[in-house]
Amino acid sequence: MKCTRCRARAEVQLRSHNAAFCRPCFLFVFRRQIERAIESEKMLGRGERILVAVSGGKDSLALWDVLADLGHDTTGLYVGLGIGAYSELSHAKVVAFATRRGLPLRVITLDEEAGGLGVPVVAGLTRRPPCSACGTMKRHWFDAAAVEGGFDVLATGHNLDDEAARLLGNVLRWQTDHLARQRPVLETTHPRFVRKVKPLYLTSEYETAVYAFMRGLDYIVDECPNAAGATQLVHKDLLNRLEAASPGSKLAFVKDFQRTGRPAFAAAPRENPRDCEGCGMPAYGTLCAYCRLVGEVRRKAAPLAGAPA
Ligand code: SF4
Ligand SMILES: [Zn+2]
Ligand SMILES: [Zn+2]
């Protein structure tokens, strides 16, 4: 098999792109694909300060690696979710990456900075699925860290597989408001809500895995222990089967949705958020989702605290 660009021996085949690449060409094409997504969606401006949310997994570390190489002003943000050994190891991977590359890193540990409200505690007390509690906690702390640090934009490592699975989930339940907002750039709608971008939204998980391998990135390979029960994995599995039978399906699903599907949903008007009465962050009621969740935790924890040991 020969490299599509330079005819040297190919090291990786990308069936979805009907192409194969040697190592230098793959690294070049991988970066260029991200650069193009950034440019065509106007994700980042020159000189902007970017906060990159990193989990210790391959996607977010690959994103940080590429953005730094492209000359952007980046700071990593790691939110420690309090999920036992998984959180400890992922934290260590992020610190090691930041140190090796000499890049600034901000760490927020929910067990400490959020008053002991790690994901297992919040999920247990509220009886919510861990990923639902986790999503609300992460969103809040990402937004808060971006605003407090004076960043212009928050970048996350959501890849093509994540976006396709999310799109499938939204379509299966016809969640029109979610469909209207599923886009690679979320512009700010509130002074305490920085722009959010997903530069990897057209880059597959397989491609980031190859990139991480070729670049020698040391990332956490194990999934979060809560991922096993997540519906998103079922959707990913379905899409992988579709992709195997028809390469390029995921890319077409997400790309064509952005081009032709989303505008139809985006027509629905949406009110702008106001200030949360609890924390001042954006809210669609009197309290934001985070403050409602924390309130529920406190109410449920109070009787336990008063109970005899
Ligand atoms: S799998 Fe669920 S609980 Fe684990 S990090 Fe992801 S969203 Fe959070
Ligand atoms: Zn080549
Ligand atoms: Zn709030």
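Here the structure is a predicted model, which is why all the values come from computation and not from measurement. (Residues numbered from 1 in each chain as written. Chains lettered and ligands numbered in written order. Predicted model: local features only at pLDDT ≥ 70, side-chain atom pairs only at ≥ 80, totals over all residues. Heavy atoms only, no water.)

Participant: Would you take a moment to explain the sheet that holds strand β4 (residues 73–80) for this structure?
Facilitator: Working definition: the strands of a sheet are paired by backbone hydrogen bonds and lie parallel or antiparallel to each other. The mixed open sheet is built from 6 strands, whose spatial order is β5-β4-β3-β6-β8-β7. Taken across any chain shown, the strands that pair with only one partner, and hence form the sheet edges, are β5 (105–109) and β7 (185–186). Inspection of the sheet shows β7 paired to strand β8 (residues 195–197) by 2 bridges, in the antiparallel sense. In the strand pairing of β8, Leu 186 is matched with Lys 196. Lying on the sheet, helix α6 (residues 130–148) is in contact with β3 (49–53), β4, β5, β6 (153–155) and β8; it crosses β4 at an angle near 140°. (Pairing = 2+ DSSP bridges. Helix = DSSP H or I, 4+ residues; strand = E, 2+ residues; numbered from the N terminus. Contact = heavy atoms within 4.5 Å. Axes fitted to C-alpha atoms, helices over the stretch in contact; angles between N-to-C directions.)

Participant: When you look at the pairing of β5 in this model, what are you seeing that I'm missing?
Facilitator: Consecutive residues of a regular strand have side chains that alternate between opposite faces of the sheet. Judged from the 5 bridges that link them, β4 and β5 form a sheet pairing that is parallel. When the bridges of β5 are listed, Val 79 appears paired with Ile 108. Tracing the backbone out of β4, into helix α3 (residues 84–101) and back to the parallel element β5 gives a crossover that is right-handed. (Right-handed = clockwise from strand over helix to strand, strands pointing away.)

Participant: Whenever I open this one, unusual backbone geometry confuses me. Can you help?
Facilitator: Across the chain, the bulk of peptide bonds are trans and the bulk of non-glycine residues have phi less than zero. Even without glycine at this site, Lys 42 takes up a positive phi of about 50°. Structurally, Lys 42 is set in the loop between α1 (23–40) and β3. Phi is positive for Trp 174, which is not a glycine, with a value near 45°. In this structure, Trp 174 sits in the loop between α7 (160–172) and α8 (176–181). Overall, Trp 174 belongs to the exposed group, its relative accessible area being 55%. (Buried < 20%, exposed > 50% of the residue type's maximum accessible area, 1.4 Å probe, protein only.)

Participant: For this particular structure, what's the right way to read α7?
Facilitator: Structurally, the α-helix is built with 3.6 residues per turn, so residues lying three or four positions apart point the same way. With 13 residues, α7 extends 18 Å from end C-alpha to end C-alpha; this agrees with the ideal 18 Å at 1.5 Å per step. For α7, a buried count of 10 out of 13 residues is recorded, marking the element as mostly surrounded by other parts of the structure. Of all the residues in α7, the buried ones are Leu 160, Asp 161, Asp 162, Glu 163, Ala 164, Ala 165, Leu 167, Leu 168, Gly 169 and Asn 170. Near the N-terminus of α7, the side chain that reaches the backbone nitrogen of Asp 161, with its oxygen 2.9 Å away, is that of Asn 159. Where α7 ends, the next residue or the one after it, Trp 174, has phi of about 45°, a positive value. (Expected span 1.5 Å × (residues − 1). Polar contact = N/O pair within 3.5 Å; in protein donor to acceptor, adjacent residues only side chain to side chain.)

Participant: When you look at the packing of helix α5 (residues 119–126) against α6 in this model, what are you seeing that I'm missing?
Facilitator: The description of two packed helices rests on the angle between their axes and on the distance between the axes. For the pair α5 and α6, the least separation of the axes is 9 Å and the interaxial angle reads 120°. For the element pair α5 / α6, the angle class is oblique. Between α5 and α6 the crossing geometry is right-handed. Along the contact surface, α5 presents Val 119, Val 122 and Ala 123, while α6 presents Pro 130, Ala 133, Cys 134 and Met 137. Residues of the contact of α5 with α6, tallied by class, amount to 7 nonpolar, no polar and no charged. (Parallel < 35°, antiparallel > 145°, perpendicular 65-115°, else oblique. Left-handed = near helix turned anticlockwise from the far one by under 90°. Nonpolar A, V, L, I, M, F, W, Y, C, P; charged D, E, K, R; others polar.)

Participant: Can you help me understand the pairing of β4 in this one?
Facilitator: Burial within β4 is extensive, with 7 of its 8 residues counted as buried. Here β3 pairs with β4 via 5 bridges, running parallel. The residue of β4 that forms the bridge with Ala 53 is Leu 77. Running through helix α2 (residues 58–69), the crossover from β3 to the neighbouring parallel element β4 is right-handed.

Participant: Mind showing me how you'd approach the pattern of salt bridges here?
Facilitator: Where side chains of opposite charge bring their charged atoms close, a pairing between them can arise. Counted according to the given criterion, the structure contains 20 salt bridges. With a closest N to O distance of 3.6 Å, Lys 58 and Glu 205 form a salt bridge. Residue Lys 58 is found in helix α2, and its partner Glu 205 is found in helix α9 (residues 205–215); the two are separated by 147 residues along the sequence. Here Arg 241 and Asp 237 are joined by a salt bridge, their closest N and O atoms 3.5 Å apart. With a gap of 4 residues between them, Arg 241 and Asp 237 both fall in helix α10 (residues 231–245), about one helical turn apart. (Salt bridge = Lys/Arg side-chain N within 4 Å of Asp/Glu carboxyl O.)

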